[in-house]
Amino acid sequence: SGRVISKAVIVLTGDRHVTSCVDGTQDQLKGVARQFGLDSWQHVTEHQLAEVIYKRSTLASRGLPLHTIHTLKGSTLQPSIQSMLLELVAWLKQHDEVRSLVFVSSQPYVKYHEAIINALMRDQDMVLSYKVIGHGAKVNPLNPQALLDGLGSYLWVVTPQVLLSLGIRVQSPAIQEK
């Protein structure tokens, strides 16, 4: 029926600064900066933005508890989806009452996220029910670059599982780590 009954909201955020026109207009981001006492919208993080968005949402007004899993960037410019999911897995292992999840992806390549989530959940031996949903990208047929980018990303993620299902073992350590 498309209806989801939730007991809580888990938000995965990364240690990255927001981007104007991607995460909101400069005026919107300035408003978030003011709420946190920051002198510039450019100092607003994804974590802070997620907190503000949740507080304004109908989910918050329904009293659903919020669990924020904030992933530090480490040695990279920002955390990867994999590092954020590993933080989630660590959290889930401490909260065995969570038996099902709905991942809501705001990224243009929802199938890419789904493939990464499938691979990581399998590799981490996570036994729970989950679904990945999101709107995905609207591709301009006159500019197929976005389509090819999304397809390439998806193929990169699913290739190891396809090879394993065919009984092909990859010997390259660089590929085995993926």
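See above for the structure.
Quantities reported herein were computed from a predicted structural model and do not represent experimental measurements.

Concerning the overall build of the chain
For the chain, the count of helices and strands is seven helices and four strands. For the chain, the N- to C-terminal ordering of α and β elements is β-α-α-α-β-α-β-α-β-α-α. Residue pairs at least 24 apart in sequence account for 64% of intrachain contacts in the chain once pairs closer than 6 positions are excluded. Taken as a whole, the chain presents about 12500 Å² of accessible surface, with 54% of it coming from carbon and sulfur.

Overview of the packing of aromatic side chains
In this description, an aromatic ring pair is defined by two values, namely the gap between the centres and the angle between the planes. Applying the stated rule across the entire model yields one aromatic pair. Each ring, one from Phe103 and one from Tyr130, has its centre 5.9 Å from the other, and the planes form 85 degrees; the classification is edge-to-face. On the criterion of sequence distance, the pair formed by Phe103 in strand E3 (residues 100–104) and Tyr130 in strand E4 (residues 129–133) is long-range, its members being 27 residues apart. The exposure class assigned to Phe103 is buried, which follows from its relative accessible area of 10%. In this structure Tyr130 comes out as partly exposed when scored by relative accessible area, which is 26%.

Brief notes about a nonpolar patch on the surface
Together, Val102, Val104 and Ile133 make up a nonpolar patch on the protein surface, roughly 240 Å² of accessible area in all. Among the structural elements, Val102 can be located in strand E3.

Here's the deal with the packing of helix H1 (residues 26–35) against helix H2 (residues 46–56)
Two elements in contact, H1 and H2, have axes separated by 10 Å at closest approach and are oriented at 95 degrees. One finds that H1 runs roughly perpendicular with respect to H2. Residue-level inspection shows Leu29, Val32 and Gln35 of H1 in contact with H2, the latter providing Gln48, Leu49, Val52 and Arg56. The class makeup of the residues in the contact of H1 with H2 is four nonpolar, two polar and one charged.

Observations regarding unusual backbone geometry
The backbone of Cys21 shows a phi angle near 75 degrees, a positive value even though the residue is not glycine. Residue position: Cys21 is located in the loop between strand E1 (9–14) and H1. Owing to a relative accessible area of 73%, Cys21 belongs among the exposed residues under this scheme. Of note, Asp125 is a non-glycine position whose phi angle comes to about 55 degrees, a positive value. Relative to the elements of secondary structure, Asp125 occurs in the loop between helix H5 (110–123) and E4.

Description of the pattern of salt bridges
Summed over all chains, the structure comprises four salt bridges. As a salt-bridge pair, Glu46 and Arg16 come within 2.9 Å of each other at their nearest N and O atoms. In this pair, Glu46 sits in helix H2 while Arg16 sits in the loop between E1 and H1, placing the two residues 30 residues apart along the sequence. Arg16 shares its class with Glu46; the two are buried. Salt-bridge contacts for Asp123 lead to Arg122; the nearest nitrogen and oxygen are separated by 3.8 Å. Taking the relative accessible area as the measure of exposure, Arg122 reaches 39% and is therefore partly exposed. Beyond isolated ion pairs, a larger network of salt bridges with shared partners links Arg16, Asp23 and Glu46.

How each quantity is defined
Residues numbered from 1 in each chain as written. Predicted model: local features only at pLDDT ≥ 70, side-chain atom pairs only at ≥ 80, totals over all residues. Heavy atoms only, no water. Helix = DSSP H or I, 4+ residues; strand = E, 2+ residues; numbered from the N terminus. Contact = heavy atoms within 4.5 Å. Areas by Shrake-Rupley, 256 points an atom, 1.4 Å probe, with all protein chains shown as cover. Phe/Tyr/Trp six-rings, centres within 6.5 Å; stacked < 30°, edge-to-face > 60°. Buried < 20%, exposed > 50% of the residue type's maximum accessible area, 1.4 Å probe, protein only. Patch = residues over 30% accessible without salt bridge, like charges linked within 9 Å, V, L, I, M, F, W, Y side chains within 5 Å. Salt bridge = Lys/Arg side-chain N within 4 Å of Asp/Glu carboxyl O. Axes fitted to C-alpha atoms, helices over the stretch in contact; angles between N-to-C directions. Parallel < 35°, antiparallel > 145°, perpendicular 65-115°, else oblique. Nonpolar A, V, L, I, M, F, W, Y, C, P; charged D, E, K, R; others polar.

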